[in-house]
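# Residue-level structure breakdown
One letter stands for each residue in the lines below.
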Amino acid sequence: MEKELLFSRSDIQKRVKELGEQLSSDYAGKDPLFVGVLNGVVFFFADLMREISIPVKIDFMRAASYGSRMTSSGEIQITKDVEKPIRDRHVVLVEDIVDTGNTLAFVLKQMNEKDPASLKVCALMDKVERRQEEVTIDYAGFTIDSGFVVGYGLDYNEEYRNLPEIYVLKP
Ligand code: 5GP
């Protein structure tokens, strides 16, 4: 499939560094727990953590949605939950991309039931056009209107994840 460059390596590097600095300052002294939502988040998560200058702990969870990938997600299920205790912790949920917001709304609800001291969201990409659920993205890397993006962890049928840049697929 044809694709067009959207964000270069250096665009990504610069933005991730800014997010890391912001988070380091906002969470200083709070011993935050960063929870990555697998799988697409891995590259972003690994880079972001290395731009954070305060002590942090990390954990992962996985949410799977059933339905066609390029359209809105269907039913959502937690296929791997966090393993560290959440209660009274300052938690930052780290996502690859928020589209309709359905996945994030579901994950937030599950997470809130574990009584964290605070719960915020950091997403690499905020895709605003198809938003259905009102979710707050406290730290957004890039905001885009529409289009299906791949690379830097994001896939189309499990392809393109290893590309170091972010591209938009041309249908
Ligand atoms: P939502 O529940 O917000 O509609 O969708 C979230 C999930 O859909 C993301 O975690 C991601 O797996 C997938 N998704 C939504 N938009 C895109 C996109 O533009 N590119 C890729 N690769 N995945 C997307």
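Read on for an overview of the structure. These numbers were taken from a predicted model, which means no experiment stands behind them. (Residues numbered from 1 in each chain as written. Predicted model: local features only at pLDDT ≥ 70, side-chain atom pairs only at ≥ 80, totals over all residues. Heavy atoms only, no water.)

### Overview of unusual backbone geometry
In the segment running from L38 into N39, the intervening peptide bond is cis, with an omega of 0 degrees. Looking at the element boundaries, N39 is found in the loop between β2 (33-38) and α2 (42-49). At Y160, a residue that is not glycine, the phi angle is positive and equals roughly 75 degrees. Looking at the element boundaries, Y160 is found in the loop between β8 (149-150) and β9 (166-170). (Helix = DSSP H or I, 4+ residues; strand = E, 2+ residues; numbered from the N terminus.)

### Some thoughts on the site of the ligand
Of all residues adjacent to the ligand, which total 16 residues, the nearest are T100, T103, K127, V149 and D155. D96 places a polar side-chain atom, nitrogen or oxygen, 3.1 Å from an oxygen atom of the ligand. A distance of 2.8 Å separates an oxygen atom of the ligand from a polar backbone atom of D99. With the chains in place, 90% of the 510 Å² that the ligand exposes on its own is no longer accessible. Looking at the shell around the ligand, the elements with two or more residues in it are β5 (90-98) and α3 (102-112). Among the elements that line the shell around the ligand, the one with the most residues is β5, at three residues. (Near = heavy atom within 4 Å. Polar contact = N/O pair within 3.5 Å; in protein donor to acceptor, adjacent residues only side chain to side chain. Areas by Shrake-Rupley, 256 points an atom, 1.4 Å probe, with all protein chains shown as cover.)

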